[in-house]
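This is what each chain is made of:
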Amino acid sequence: MLWKEFIQLGRDRFTLAMMTGIPVVQIALFGYAIQTEVRHLPTVVVDESRSAQSRSMVTTLENTGNFDIVAEVGDRDAVREWFDGGRARAAVIIPPDFARDLKRRRPASIQVIIDAADPLSAAAGISAGSQVGAAQSQRLVAATGGAGTIDVRVRPWYNPGLRSAVYIVPGIIGVLLSMTLVVIASTAVVRERERGTLEQLIVTPISKTSLMLGKIVPFLLIGYVQVTVILLVGRLLFNIPIVGSVLDLYLMALPFNVASLGVGLLVSSAVQNQAQAMQLGFLYLLPNILLSGFMFPREAMPEAAQWIGAALPLTYFLRALRGILLKGVGLADLWRDFAALSGFAVVLVTLAVMRFRKTVE
């Protein structure tokens, strides 16, 4: 029996390769990509002082490595637009009397606004802003003999209490949808093959596209039930805010669910049994969770890992989820994410249809 199992395992080279190759790929990828030190937050500046002192303060903040200045905007309303669109995670606001207060050796203040929807990124930004204020104040004290200080007032938006549940629970919607839909769809065609019912489907006049769509639609309904249940539980147990439109959330979930099912069907059409389907499904799910921004901020990842995350539908859906639920962002600010998810859905379902063959090997 033992010898027979070794022979059978040797013949199943695809499963053997996945069992030995997947751990190597994952440990190399995640050990390199996952970092908890958050730096390089995209930052916009509102410089109402427009002085040498204000420019020096902005440069000092950027030199910490925690803030990357991406634009200078005209007013505070523009800051919210950059935050809502996901293009900025921090903002530096310097009032018009900043330089005048310093010259008169009076306490001067600036405001640093942090997108606190992600508590880990917010904590790094808050710490860096406070440290810069303290360091600049010490330099002024040394230069002026004790007169003049800089007060950096850090204000967290969207999650002022820095509650981790506010950040995690909305992300769980995307993670659970991805896990269940990919795993269920990845076994859909394989299950028909193992039960012997695939031959019956093959001889029917139904087209490959219709067959795949027939597999997708019931699971889409299951996905929407999951979204509704998680929203209700998150609201009741964790008091998760729902600032935006639930209808917008359901609309964003449509292309994401189709894309996830497309991944599952693509896996299902490439394997021979459910064991292989499960292994390939988990090969996709682990980087999908760790590199999408669900657990670790994408700003802390190396650039190569960020590019991998950009190729995952969950990355865009998480941004939309947190934008709608925590910030009240509408579809006007999320059209890029919706377009990306729609592109994923079309490409993945098309590949699954093309890969499927109405033949028996």
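Summarised in this report is the structure supplied together with it. This is a predicted model, so every value here is computed, not measured.

### Quick look at the nonpolar core
- Ranked by internal contacts, the top residues of the largest apolar core, which has 60 residues, are Ile173, Leu177, Leu249, Leu261, Leu265 and Phe317.
- Taken together, the elements giving at least two residues each to this core come down to α7 (164-186), α8 (188-195), α10 (208-238), α11 (246-268), α12 (274-290), α14 (313-327) and α15 (335-355).
- Those residues in contact with leucine 177, other than ones at most four positions away along the chain, are Val182, Gly223, Gln226, Val227, Phe256, Asn257 and Phe317.
- The next biggest cluster of nonpolar side chains, apart from the first, holds 20 residues, and it includes Ala90, Val92, Val112 and Val132.

### A short note on the layout of surface pockets
- Computed from the structure, the largest pocket encloses a volume of approximately 750 Å³.
- In this structure, the largest pocket is lined by 28 residues; those nearest its centre are Gly86, Arg89, Arg298, Glu299 and Arg319.
- Those elements that place two or more of their residues in the lining of the largest pocket are α4 (76-84), α13 (303-310) and α14.
- A per-element tally of the lining of the largest pocket places α14 first, with seven residues.

### Comments concerning the side chain of serine 49
- Of note, serine 49 is situated in the loop between β1 (41-47) and α3 (52-63).
- For serine 49, a relative accessible area of 14% gives the class buried.
- There is a polar contact of 2.9 Å between the side chain of serine 49 and the side chain of serine 51.
- Residue contacts for serine 49: discarding those within four places in its chain leaves Ser54, Ile94, Pro95, Pro96, Phe98 and Ala99.

### Things to note about empty space enclosed by the protein
- According to the stated counting rule, one finds one cavity of 30 Å³ or more in the structure shown.
- If you add up the space inside the largest cavity, you get close to 40 Å³.
- What lines the largest cavity is simply Val169, Pro170, Ile173, Ile230, Leu231, Gly234, Arg235, Ile240, Ile242 and Leu325.
- Where the lining of the largest cavity is concerned, the elements lending two or more residues are α7 and α10.
- Broken down by element, the residue count for the lining of the largest cavity peaks at four residues, all from α10.
- Across the lining of the largest cavity, the residue classes tally to eight nonpolar, one polar and one charged.

### With respect to the packing of α7 against α10
- The N-to-C vectors of α7 and α10 enclose an angle of 155°; their axes lie 10 Å apart at closest approach. Classified by the interaxial angle, the pair formed by α7 and α10 is roughly antiparallel. α10 is crossed by α7, and the crossing has right-handed handedness. In this structure, α7 contributes Ala165, Val169, Ile172, Ile173, Leu176, Leu177, Thr180, Leu181, Ile184 and Ala185 to the contact, and α10 contributes Phe219, Gly223, Gln226, Val227, Ile230, Leu231, Gly234 and Phe238.
- For the contact of α7 with α10, the class distribution of residues is 14 nonpolar, four polar and no charged.

### Things to note about the sheet that holds strand β3 (residues 90-94)
- Pairing is mixed in the open sheet, where five strands are placed in the order β2-β1-β3-β4-β5. Where the open sheet ends on each side, the last strands, each with one partner, are β2 (67-72) and β5 (150-157). The sheet shows a mean angle of 25° between the axes of neighbouring strands, taken without regard to direction.
- Where β3 and strand β4 (residues 108-115) come together, four bridges link them in antiparallel fashion.

About the thresholds
- Residues numbered from 1 in each chain as written.
- Predicted model: local features only at pLDDT ≥ 70, side-chain atom pairs only at ≥ 80, totals over all residues.
- Heavy atoms only, no water.
- Core = buried A, V, L, I, M, F, W, Y, C linked by side-chain atoms within 4.5 Å.
- Buried < 20%, exposed > 50% of the residue type's maximum accessible area, 1.4 Å probe, protein only.
- Helix = DSSP H or I, 4+ residues; strand = E, 2+ residues; numbered from the N terminus.
- Contact = heavy atoms within 4.5 Å.
- 1 Å grid on protein atoms, 1.4 Å probe; cavity = no way out; pocket = protein on both sides within 12 Å on 5 of 7 lines; lining within 4 Å.
- Points joined across faces, edges and corners; volume = space filled by probe spheres on them.
- Polar contact = N/O pair within 3.5 Å; in protein donor to acceptor, adjacent residues only side chain to side chain.
- Nonpolar A, V, L, I, M, F, W, Y, C, P; charged D, E, K, R; others polar.
- Axes fitted to C-alpha atoms, helices over the stretch in contact; angles between N-to-C directions.
- Parallel < 35°, antiparallel > 145°, perpendicular 65-115°, else oblique.
- Left-handed = near helix turned anticlockwise from the far one by under 90°.
- Pairing = 2+ DSSP bridges.

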